[in-house]
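What follows is the residue order along each chain.
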Amino acid sequence: MSKSRSTPSRWKQLQSDVIHCSRCPRLIDHCKTVAREKRRAYENENYWGKPVPNFGSPRVGLLIVGLAPGAHGANRTGRMFTGDRSGDWLYRAMQRTGFANQQQSTNLQDGLKLINCAITNICRCAPPQNKPSPAELKNCSPYFAETLELCDPTVLLALGGLAWNATLRELIQIGWFDRTPRRPKFGHGEKVPLNNNRFLLGSYHPSQQNTFTGKLTNPMLNRVFKNAVKLINQNRSETE
Ligand code: SF4
């Protein structure tokens, strides 16, 4: 993609490239199969059934990094964290901390807007068993690198250990984080200072596995987002 183009035009191109991508035949096939077979509760809906682009716009304070679209969530609705319980948890915390205009996230026409924030995934197609292969993650990483450059966030919030590790790998590649003898370990509430006054935060993924078991609670998730607000404001006051 040409770097001489404007940021909004590169963002538009990136979104289109993702939607039309077919680099991972296994994942494209799975997305289509899920869309064809459907879950009974959604049998009258038209599933999206293809790669899911980023949600939000470029140049933001916060970039949230998830793992992959849910088979009957984003792979059905076509928007990150939309139409499943993970999204309910995520957008509730985001609305409470000023990163979203509402908590409701059901479909592309529900009026949800992000504020100074964008959401991406390290894998943009719903994978079987929610497990993309290392080769599939590698295929998708150029989209992640481009997203990072275009979003230019102060804070990156990785949801879960896989997103954390993939984000650190990419940050080293693009020079936002210097390779250290021991890579920072993932944990809920972890904070890693990056180059140029940026930060990486970690949170447990708001999957049902974590929220049903009480491993992740609403106050825990709210605290991570409040920390993101603090770091963005701090960065703003230092650069003014
Ligand atoms: S996972 Fe990424 S690279 Fe693979 S087909 Fe989907 S969008 Fe393309």
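Above this text you will find the structure in question.
Notes on the structure follow. What you see is a predicted model; the values in this text were computed from it and never measured. As a convention, each chain's residues are numbered from 1 in the sequence order in which they are written. Where totals are concerned, whole chains, interfaces and linings use all residues; where local detail is concerned, this predicted model gives features only for residues with pLDDT of at least 70, and gives and counts side-chain atom pairs only at 80 or more. Where side-chain values are given, they derive from all heavy atoms of the structure, hydrogens and water being excluded.

### Some thoughts on the sheet that holds strand S1 (residues 55-56)
The criterion, for reference: Strands pair, by our definition, only if DSSP identifies at least two bridges between them. By the criteria applied, helices consist of DSSP H or I runs no shorter than four residues and strands consist of E runs no shorter than two, each listed in order from the N terminus. Here a residue-residue contact requires only that any non-hydrogen atoms of the pair lie within 4.5 Å. All axes are obtained by fitting lines to C-alpha atoms, using only the stretch in contact for helices, and the reported angles, taken between N-to-C directions, cover 0 to 180 degrees.
Pairing is mixed across the open sheet formed by 6 strands, whose spatial order is S1-S3-S2-S4-S6-S5. Sheet topology places S1 and strand S5 (191-193) at the edges, where each strand pairs with a single neighbour. Judged from the 5 bridges that link them, strand S4 (residues 155-159) and strand S6 (residues 199-203) form a sheet pairing that is parallel. The partner of Leu157 across the bridge, within S6, is Leu201. Together, S1, strand S2 (62-66), strand S3 (117-121) and S4 form the strand contacts of helix H4 (residues 85-96), whose direction differs from that of S3 by roughly 160°.

### Digging into the pairing of S2
Applied cut-off: Exposure classes here rest on a 1.4 Å probe applied to the protein chains alone. A residue is buried below 20% of its type maximum, exposed above 50%, and partly exposed in between.
Across the 5 residues that make up S2, a large majority, 5, are buried. Note that S2 and S4 share 4 bridges and pair parallel. In the sheet register, Leu63 faces S4, and the bridge partner there is Leu156.

### Considering the packing of aromatic side chains
Quick note on the threshold: Aromatic rings from Phe, Tyr and Trp, taking only the six-membered ring of Trp, are treated as a pair when their centres fall within 6.5 Å; an angle between ring planes under 30 degrees marks them as stacked, one over 60 as edge-to-face, and anything in between as tilted. Our definition puts a charge over a ring when NZ of Lys or CZ of Arg is within 6 Å of the ring centre and also within 35 degrees of the ring normal.
Applying the stated rule across the entire model yields 4 aromatic pairs. Centroid distance Phe99 to Phe225: 6.0 Å. Interplanar angle 50°. Geometry classified as tilted. With Phe99 in the loop between H4 and S3 and Phe225 in helix H8 (residues 218-239), this residue pair connects regions lying 126 residues apart in the sequence. The burial state of Phe99 is the same as that of Phe225; both residues are buried. The interplanar angle of 65° and the centroid separation of 5.7 Å between the aromatic rings of Trp164 and Phe186 together place this pair among those described as edge-to-face. Of this pair, Trp164 sits in helix H6 (residues 161-173) while Phe186 sits in the loop between H6 and S5; the two residues are 22 residues apart in sequence, bridging distant segments of the chain. What links up through ring pairs into an aromatic cluster is the set Trp164, Phe186 and Tyr204. We note Arg76 situated over the ring of Tyr42; from NZ or CZ to the ring centre the distance is 3.6 Å. When the ring centre of Trp89 is taken as origin, the NZ or CZ atom of Arg92, which lies over that ring, is 5.2 Å away.

None of the figures reported here should be taken as evidence of function without further support.
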